[in-house]
Each structure stands twice: as structure tokens, then as C-alpha cells.
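Structural features, examined
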Amino acid sequence: MIKKTRAEITKCILHKVANKFNSGQNVFSEDLIRFDQESYDLMKNFLMKPFGNLTQSYRFVNHEDARLDPLNNFTSEIFKEEAAFVDYSKSIVNHLFEQSNSAQIKTGDVIVVFIEGIEYKDVLTEAVGIFKIENKVDFFQTYLDDNESFDVVVQKGISTKRIDKGCLILNTADAEGTVVFSVDNHNYDAQYWINNFLNVKLADDYNSHTQSYLEMCKEFSEEVIKPELGMQQQGNFLANTVDYFKENESVDYATFKDEVFTDEKHKEQFDDYKKHFENLNDVLIRNNFDVSGVVLKKEKSKLKTEIKLDTNINIKLDVDAPEAASEYIERGYDEEKKMKYYKVYFNEEK
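This part takes up the overall build of the chain. The number of helices and strands found in the chain is 10 helices and 16 strands. Projected onto the principal axes, the alpha-carbon positions of the chain cover approximately 75 × 65 × 40 Å. Looking at the chain as a whole, 43% of its 350 residues are labelled buried. Taking as baseline every contact in the chain between residues at least 6 positions apart, the subset at least 24 positions apart corresponds to 65%. Carbon together with sulfur atoms contributes 45% to the accessible area of the chain, which is approximately 20000 Å² in total. The averaged location of the 64 negative side-chain charges in the chain is 2 Å from the averaged location of its 44 positive side-chain charges.

What follows is the structure, given as C-alpha cells:
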């Protein structure tokens with residue numbers, strides 16, 4: 001995670017990126033944006049806020065030779081010589097333009113910034129930020145007309161609620177290469193931003209290991225457990241998975257299966273699904289790794305353990321209480337009504 005308390009945007013420029021598929025043309029600025037204090041504070045919060053809670057970071061695929069990764073090369077040159085910021089910001093936009101090989105890639109504004117004072121692992125460093133604004137929102141602008149009366153006109157502008165796509169490339173590296181953070185709130189083409197433009201992969205650390213494993217368990221519950229055993233057992237599996245991660249500082253693949261599954265058939269299905277998930281997502285699921293508590297807390301909130309019934313009744317299971325679904329819920333079939341049912345035990349209503 002990064003800390004932005006002491007971060008300052010010292011350079012900022014805005015360009016327009018077109019779509020190569022539609023034979024568009026980029027439009028470039030020549031000068032940096034000059035902020036007043038109010039607009040600077042708003043812009044800084046708008047650009048930096050999405051990165052405050054990120055736990056996962058990326059590394060360039062060809063980290064040993066920056067020349068093989070255009071973005072890595074451009075930002076490396078900026079860190080070497082800040083005076084080249086404007087020229088390389090244009091190169092960054094041209095590189096982004098070259099990735100727009102389909103009609104669904106949106107045109108937009110591209111904001112490139114140079115940031116000083118970002119803290120990463122207790123060390124202050126610099127960063128280059130690249131942000132693509134793909135969607136504008138309508139807003140009313142009030143004005144005084146010729147008759148000295150107020151009127152309104154609808155205009156389009158950038159919403160400050162959240163950015164569409166953005167990344168921070170830090171001027172710091174480890175054994176895997178330059179540290180990169182990325183956000184994408186409109187993931188309509190996963191290849192476009194992460195793989196083609198950034199050309200990065202998840203860092204090989206306990207944060208990514210924890211997230212990949214939990215994502216695999218979530219997908220396994222949806223594609224295997226739910227169709228075969230129903231939503232109750234799906235909730236049981238997810239709750240037991242979370243419980244295992246909470247109770248253990250590290251994950252051992254064999255031990256996990258023994259504690260979560262009682263049937264050998266399901267262990268074999270999990271083994272098969274692990275291979276499928278790895279191939280599908282081009283990721284390696286580690287058999288042993290330390291648990292990231294921050295990632296667990298974040299991913300746990302994404303796990304859906306609600307049983308939705310066609311009678312407009314929903315039963316919400318607590319993912320932090322693995323014993324509840326098995327001890328206090330019974331599933332059966334009523335011969336008289338010719339309907340399935342759930343029987344729920346409790347002491348009192350809350």
C-alpha cells in the first residue's frame with residue numbers, strides 16, 4: 001500500500017486520445033496545467049484517492065529490459081530528466097492510442113502527472129500517474145443572460161467521484177522490477193489497459209497469492225458447488241474458506257482441502273478446477289503462502305452467501321460463521337405442497 005499524505009503533484013498535463021480503429025487523431029497540449037489552490041486540491045484528491053486502499057501491485061512483464069516495455073521506458077526517462085515530461089507524456093498517449101484496435105475502445109481525456117513525496121514501504125519516492133477519462137457527465141451551468149435574468153444550460157464535464165482508468169508508476173523497484181499500481185472502473189476490455197497498454201503482471205507476493213486463491217474458491221463455489229449441491233452448501237464452503245484463512249497465518253493447499261472438504265470427490269474436483277483456473281487466468285496458484293489479512297478483509301466483502309428463492313424470500317448467511325448454515329438450517333422437500341423448503345432454527349429475533 002502507498003501513503004499519499006505528503007504527495008504533491010508538481011507537473012500535470014492533459015491530452016486527448018483518439019481511437020485508431022476509427023481513424024481518429026490525438027490532440028496534444030504543449031503547456032502544463034496551472035492550478036489555483038481550489039482546483040489543485042480537487043484534482044489531487046480525484047487522482048490519488050483510488051490508490052489509498054490498493055493492496056496489490058504489478059510489475060512490468062519485461063522488467064529486465066525497459067526498452068521492451070514502452071511505458072516502462074517512457075517513465076524511466078521522465079525520472080531521469082523531468083524536463084522531458086511533456087514530450088514523453090505525448091509518447092505515452094501515442095502508445096495508448098496504438099492499443100485501440102477495436103470500436104469499443106473509447107476516446108477520452110488523458111491526464112499525465114508527475115508526483116513527488118509518495119510513500120511506499122516507508123520510503124518517499126516519485127511517481128508518474130496516467131489517467132484516462134472515458135465518460136463525461138451532464139451538469140447544469142447557470143449564467144446571466146442578456147435580459148439580466150439567470151438561466152441554465154446543460155454541459156458535459158468530468159465527474160470527480162471516480163476515475164475510469166488510472167495507474168501510478170513508482171520510481172522504485174524490487175527484484176521483480178518497477179512497482180506499478182492500477183485501477184480500472186470500466187473493465188470492458190481487460191486486455192486493453194492491463195495487458196496491452198501497461199503490459200504488467202501481478203507481483204509475486206502474498207497479497208496476490210491470497211487474492212488469487214480466494215477468487216479461485218469463489219469461482220469454484222459458483223461453477224461447481226452451487227449447481228451440484230445448492231446455495232446452502234455454497235455458503236458453507238465460502239464460510240469455511242474464510243474461516244480457514246482467518247485461523248491460519250499461512251495456507252497449505254493439502255491441509256485446506258482436508259479441513260474444507262469431507263468428500264474425496266470434491267477434493268478431486270477442486271484439484272481439477274485449480275488447473276482450469278490457472279490456465280484460464282494465466283496465473284499460478286501457490287500451494288503454500290502467507291495470508292494477507294488486508295486482502296482477506298477486502299475479498300471477504302465480495303463473497304455472496306445469500307440464498308435467493310423464487311418465493312421472494314432471501315436467506316442471508318454470515319460468511320464469518322461457518323457453523324451456522326450447517327447447524328441451524330435444514331433443507332427438505334414437502335410432499336404435500338410439492339415444494340422444497342428451508343427450516344431455520346433460532347432463539348430470538350434481532
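Our focus in this paragraph is the packing of helix H6 (residues 231–247) against helix H7 (residues 253–260). Between H6 and H7, the least distance of the axes is 10 Å, while the angle of their chain directions is 135°. What the angle tells us is that H6 and H7 run oblique. H7 is crossed by H6, and the crossing has right-handed handedness. Here H6 contributes Phe237, Asn240, Thr241, Tyr244 and Phe245 to the contact with H7, which in turn contributes Thr255, Phe256, Glu259 and Val260. The residue makeup of the contact of H6 with H7, split by class, is 5 nonpolar, 3 polar and 1 charged.

The next thing to look at is the packing of aromatic side chains. One pass over the full model with this rule turns up 22 aromatic pairs. Ring plane angle 75° and centroid distance 6.2 Å describe the contact between Phe51 and Phe131, whose orientation is recorded as edge-to-face. Of this pair, Phe51 sits in the loop between helix H1 (37–48) and strand E3 (58–60) while Phe131 sits in strand E5 (residues 123–133); the two residues are 80 residues apart in sequence, bridging distant segments of the chain. Counting every residue linked through ring pairs, the aromatic cluster contains Tyr213, Phe220, Phe237, Tyr244, Phe245, Tyr253, Phe256, Phe261, Phe270, Tyr273 and Phe289. Note that Lys11 overlies the ring of Phe114, its terminal NZ or CZ placed 5.7 Å from the centroid. Its end group placed over the ring of Tyr253, Lys274 keeps NZ or CZ at 5.3 Å from the ring centre.

Once that is clear, we can look at H6. Three- or four-residue spacings in an α-helix give side chains the same orientation, since the helix completes a turn every 3.6 residues. Given a rise of 1.5 Å per residue, 17 residues ought to cover 24 Å, and the 24 Å separating the end C-alpha atoms of H6 matches this to within 8%. Gln232, Gln234, Gly235, Asn236, Phe237, Leu238, Ala239, Thr241, Val242, Tyr244 and Phe245 are the residues of H6 that are buried.

Of all hydrophobic cores here, the largest spans 30 residues; its most connected members are Leu71, Ile92, Ile130, Trp193, Phe197 and Leu198. The set of elements that each furnish at least two residues to this core consists of strand E2 (8–17), E3, helix H2 (70–80), helix H3 (85–98), strand E4 (108–120), E5, strand E8 (165–174) and helix H4 (190–198). Among the elements that line this core, the one with the most residues is H3, at 6 residues. Core analysis: the next-biggest nonpolar cluster, separate from the first, contains 26 residues, Phe237, Leu238, Val242 and Phe270 among them.

Take the pairing of E5 next. Where burial is concerned, most of E5 is hidden: 8 out of the 11 residues are buried. Examined bridge by bridge, E4 and E5 share 10 bridges and lie antiparallel to one another. Within E5, the position partnered with Val112 by the bridge is Ile130. Linking E4 back to E5 in an antiparallel pair, the connection comprises 2 residues, with Lys121 at a positive phi of about 55°.

Inspection of the entire model under this criterion finds 20 salt bridges. Between Lys267 and Asp258 there is a salt bridge; the shortest N-O distance is 2.8 Å. The salt bridge involving Lys267 is made with Glu264; its shortest N-O contact spans 3.2 Å. Of the two residues, Lys267 and Glu264 are both situated in helix H8 (residues 264–281); the distance of 3 residues between them amounts to about one turn of the helix. Residue classification places Lys267 among the buried residues on the basis of a relative accessible area of 12%. Beyond isolated ion pairs, a larger network of salt bridges with shared partners links Lys132, Glu134, Lys165 and Asp184.

Here we take up the environment of Met48. Of note, Met48 is situated in helix H1. Judged by relative accessible area, Met48 falls into the buried class, the value being 1%. The sequence separation of Met48 and Gly129 amounts to 81 residues, and the corresponding C-alpha distance is 9.1 Å. Apart from the residues lying within four places of it in its own chain, the contact partners of Met48 are Lys4, Ala7, Ile115, Ile118 and Leu168.

With that out of the way, let us pick up H8. Spanning 18 residues, H8 covers 26 Å between terminal C-alpha atoms, matching the ideal 26 Å at 1.5 Å per step. For H8, the complete set of buried residues consists of His266, Lys267, Phe270, Tyr273, Lys274, Phe277 and Glu278. Buried residues along H8 cover an arc of 135° about the axis, so they all sit on one side. Relative to its buried face, H8 has exposed residues pointing more than 90 degrees away, namely Asp272, Lys275, Asn279 and Leu280. Among the structural elements, helix H5 (206–229), H6 and H7 are those in contact with the buried residues of H8. Where H8 begins, the capping side chain belongs to Asp263, and its oxygen is found 2.8 Å from the backbone nitrogen of Lys265.

Rules behind the numbers
- Residues numbered from 1 in each chain as written.
- Predicted model: local features only at pLDDT ≥ 70, side-chain atom pairs only at ≥ 80, totals over all residues.
- Heavy atoms only, no water.
- Helix = DSSP H or I, 4+ residues; strand = E, 2+ residues; numbered from the N terminus.
- Buried < 20%, exposed > 50% of the residue type's maximum accessible area, 1.4 Å probe, protein only.
- Contact = heavy atoms within 4.5 Å.
- Areas by Shrake-Rupley, 256 points an atom, 1.4 Å probe, with all protein chains shown as cover.
- Lys, Arg positive; Asp, Glu negative; His and termini not counted.
- Charge placed at Lys NZ, Arg CZ, Asp CG, Glu CD.
- Axes fitted to C-alpha atoms, helices over the stretch in contact; angles between N-to-C directions.
- Parallel < 35°, antiparallel > 145°, perpendicular 65-115°, else oblique.
- Left-handed = near helix turned anticlockwise from the far one by under 90°.
- Nonpolar A, V, L, I, M, F, W, Y, C, P; charged D, E, K, R; others polar.
- Phe/Tyr/Trp six-rings, centres within 6.5 Å; stacked < 30°, edge-to-face > 60°.
- Lys NZ or Arg CZ within 6 Å of the ring centre and 35° of its normal.
- Expected span 1.5 Å × (residues − 1).
- Core = buried A, V, L, I, M, F, W, Y, C linked by side-chain atoms within 4.5 Å.
- Pairing = 2+ DSSP bridges.
- Salt bridge = Lys/Arg side-chain N within 4 Å of Asp/Glu carboxyl O.
- Arc of directions from axis to C-beta.
- Polar contact = N/O pair within 3.5 Å; in protein donor to acceptor, adjacent residues only side chain to side chain.

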